[in-house]
Number of protein chains: 2
Amino acid sequence: MRFTSARRLDDGVFEREFTLAEIPGILWTPASASASAPVPLILLGHPPLGLRKMYPRLVARARHCAAEGFATATIELPGRGDRPRWPAAEQAGADLRRALEAGEAVSDEIIDALILPLVDKAVPEWQAALDALLSLPEIGGPVGYSGGVISIGVRLAVVEPRIVAAALFAGSFVPRAMFEEARQVTIPLHVLLQWDDEGNDRQAALDLFDAFSSKEKSLHANMGGHTGVPQFEGDAVAQFFTRHLK
Amino acid sequence: MRFTSARRLDDGVFEREFTLAEIPGILWTPASASASAPVPLILLGHPPLGLRKMYPRLVARARHCAAEGFATATIELPGRGDRPRWPAAEQAGADLRRALEAGEAVSDEIIDALILPLVDKAVPEWQAALDALLSLPEIGGPVGYSGGVISIGVRLAVVEPRIVAAALFAGSFVPRAMFEEARQVTIPLHVLLQWDDEGNDRQAALDLFDAFSSKEKSLHANMGGHTGVPQFEGDAVAQFFTRHLK
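The residue numbering used here restarts from 1 in each chain and proceeds along that chain's sequence as written. Following the order in which they are written, the chains are lettered starting with A and the ligands numbered starting with 1. At least 70 in pLDDT is required for a residue's local features to be given in this predicted model, at least 80 for side-chain atom pairs to be given and counted, and no such filter applies to totals for whole chains, interfaces and linings, which use all residues. Neither water nor hydrogens contribute to the side-chain values; these are computed over all heavy atoms in the structure.

Engineer: Help me understand the relation of the copies chain A and chain B, please; the structure alone is not making it clear to me.
Structural biologist: Superposing the two chain copies requires a rotation about an axis and a translation along that axis. To superpose the copies, least squares is applied to the C-alpha atoms of every residue with a pLDDT of at least 70 in both. The transformation that overlays chain A on chain B combines an axial shift of 0.0 Å with a rotation of 180°, and the residual RMSD is 0.0 Å. Both copies of the chain, as the preceding transformation shows, are related through a two-fold rotation axis. Minimal C-alpha separation from the rotation axis in chain A is found for His220(A), amounting to 2.3 Å. Whether two residues are in contact is decided by their heavy atoms, any of which lying within 4.5 Å being enough. Comparing interface residues between copies, 100% of those in chain A also lie at the interface in chain B; the contact surface is shared.

Here it is as structure tokens:
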């Protein structure tokens, strides 16, 4: 992990860009974080639109988390931003756009081709980032995961024991195979669902929530479309992590 | 409205029992409430088990609300507690118990007979209570409704314009006719659902949530069975009312 830039935001949050084996990432730590007072960490997932495009929303979430005493970090997804494209993903993306433009149902084949390789590639990268981040003296534990492509969150919740709680956004296509993995999730979950999200299958989201084996799982459904998650849900997510990471 | 008892609880909350045309009720006001500083009011709904039996849970909710600066009040439901029974309700209750004991599905007829007359009788009583409560100098507005038999909350949300926000518990049988009324609800709603509530029809609860026309509606689903609503949901309800009543 190599830091490539560092700056202090106006609210005292320390923002550092880094690269980890060619993968760009960003780390935000609250002003209070130090080697003698390490803070818990929340990994910030994001939709596959590229880190640069997502930056405004990510830094807003990071500031919110920092105000509650959490460090946050994120990395670029495979095939996104400045990272090398891979042909199968480009093809799956093109197939998806074609189906959506034609008003067709998105087939299981397209969803699998779009999501499963992304999960397979991304999850080990987030785990490698976690190794590096937890080696920093100002980052303690425990670790939470929040948002982004829900299948990545599900896989991480299954395979990464350092993640003790996850806030998931049920707003992306879910391959059928992920329902099986969902049954293996036992950590506390906080699931956001936009009830009238036209690009999202509500029943699949409810089925996925039902599949999780977590003893503590909460579903928060709201109105407002895919990007219209109400501001007060940010507070609810912060309260969830405060309960489980402190 | 005639006050029949008054006492100050250890946290400063002022508890007064009252009767209103033979209907017993309880009013709780925070220590801060006065004629020069009137407070918003939340009507506390409750399941039809009698006010005396429900008192421990009601006073806990009242204290929580008082800590946030709200007065709360509740009245006995028709045919419950010390109020006169009425034969049709007793019969519907007996039919329900028989169906449940036989492991049969509860028919629409039983649900209608159980709930619709209760709603028809209770709602005007809650409105009369509201008239009386709002005439007290220490009670201002606006007014919220929270919990209890969800069909009573739905009807109140439709017919009582002084109620500006409602927190509903999707945990009781809902007559088909109430879905039509749900479509007329437009005030902000906060709906609690216990996901694995064996005595409750999850799909009916989701359909009811879908039917509400409110632009702001949130569904919070949790694990833990009918009576296992997590403690943190009490905070979420308080935050909902703080957003809408202050």
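Engineer: Explain the nonpolar core to me, please; I cannot follow it from the model alone.
Structural biologist: The set of buried Ala, Val, Leu, Ile, Met, Phe, Trp, Tyr and Cys residues whose side-chain atoms join them within 4.5 Å is what this entry labels a nonpolar core. The rule is simple: take the accessible area with a 1.4 Å probe, protein chains only, and divide by the maximum for that residue type; under 20% is buried, over 50% is exposed, in between is partly exposed. Counting residues in hydrophobic clusters, the biggest one holds 130 residues, and the most contacted among them are Ile152(A) and Ile152(B). Once residues within four sequence positions are removed from consideration, Ile152(A) is found in contact with Leu77(A), Leu118(A), Val119(A), Ala122(A), Val123(A), Trp126(A) and Tyr145(A).

Engineer: How should the packing of aromatic side chains be read in this particular structure?
Structural biologist: Each pair of aromatic rings is reported with the distance of its centres and the angle of its planes. Any pair of Phe, Tyr and Trp rings, taking the six-membered ring for Trp, is counted once the centres come within 6.5 Å. Such a pair is stacked with planes under 30 degrees apart, edge-to-face with planes over 60 apart, and tilted for the rest. For the coordinates displayed, the defined rule picks out 10 aromatic pairs over all chains. Consider the rings of Trp126(A) and Tyr145(A), whose centres lie 5.9 Å apart with planes at 80°: the pair is edge-to-face. Of this pair, Trp126(A) sits in helix H3 (residues 108–134) while Tyr145(A) sits in strand E6 (residues 139–147); the two residues are 19 residues apart in sequence, bridging distant segments of the chain. When sorted by exposure, Trp126(A) lands in the same class as Tyr145(A), which is buried. Ring geometry for Phe240(B) against Phe241(B): centres 5.2 Å apart, planes inclined by 65°, an arrangement best described as edge-to-face. Phe241(B) shares its class with Phe240(B); the two are buried. Helix and strand assignments follow DSSP, with helices taken as H or I runs no shorter than four residues and strands as E runs no shorter than two, numbered in order from the N terminus.

Engineer: What's the story with the pattern of salt bridges in this structure? I'm lost.
Structural biologist: Where charged atoms of side chains with opposite charge meet at close range, the side chains can pair. By salt bridge we mean one thing: a side-chain nitrogen of Lys or Arg within 4 Å of a carboxyl oxygen of Asp or Glu. A complete count under the given rule lists 32 salt bridges over all chains for this structure. Among the salt bridges present, the one from Arg7(B) reaches Glu15(B), with a minimum N-O distance of 2.9 Å. Here Glu181(B) and Arg155(B) are joined by a salt bridge, their closest N and O atoms 2.7 Å apart. Pair noted here: Glu181(B) is in helix H5 (residues 176–182) and Arg155(B) is in helix H4 (residues 150–159), with a separation of 26 residues, a long-range link. Overall, the relative accessible area of 15% leaves Glu181(B) in the buried class. Residue Arg155(B) is classed as buried on the basis of its relative accessible area, which comes to 15%. Here the salt bridges share partners, and the residues they tie into one network are Asp10(A), Asp11(A) and Arg63(A).

Engineer: Quick question: what am I supposed to make of helix H1 (residues 51–67) of chain B here?
Structural biologist: Because each turn of an α-helix spans 3.6 residues, side chains separated by three or four positions end up pointing in the same direction. Residue and element names in this part refer to chain B. The largest bend in H1 is about 40°, located at arginine 57. The complete set of buried residues in H1 reads Leu51, Met54, Leu58, Val59, Ala62, Cys65 and Ala66. Buried residues belonging to H1 abut strand E2 (14–20), strand E3 (23–29), strand E4 (39–45) and strand E5 (71–75). Positive phi appears at glycine 69, one or two residues downstream of H1, with a value of about 90°. In this scheme, the bend at a residue equals the angle between the axes fitted to the seven residues that finish there and the seven that begin there.

Engineer: Teacher, can you tell me more about the interface of chain A and chain B here?
Structural biologist: Facing the 19 residues of chain A at the interface are 19 residues of chain B. By buried area we mean the combined loss of accessible area, with a 1.4 Å probe, across both parts when two parts are placed together. With both chains or domains summed, chain A and chain B bury close to 1,600 Å², and 55% of this area falls on carbon and sulfur atoms. When residues of chain A are sorted by the area they lose upon contact with chain B, Trp195(A), Met223(A) and Phe232(A) head the list and together hold 30% of the total. Ionic pairing is found between Asp210(B) and Arg202(A), a salt bridge with its closest N-O pair at 3.3 Å. Pairs of N or O atoms are called polar contacts if they sit within 3.5 Å, as long as, within protein, a hydrogen donor faces a hydrogen acceptor (for residues adjacent in sequence, only side-chain-to-side-chain pairs). Run the count over chain A and chain B and you get 9 residue pairs in polar contact (both at pLDDT 80 or more). Those elements that provide at least two residues to the side of chain A that touches chain B are helix H6 (202–211), strand E9 (217–222) and helix H7 (232–245) of chain A. The element that contributes the greatest number of residues to the side of chain A that touches chain B is E9(A), accounting for 6 residues. Residue polarity is assigned by list, with Asp, Glu, Lys and Arg as charged and Ala, Val, Leu, Ile, Met, Phe, Trp, Tyr, Cys and Pro as nonpolar; anything else, Gly included, falls into the polar class. Class assignment for the residues of the side of chain A that touches chain B results in 7 nonpolar, 5 polar and 7 charged.

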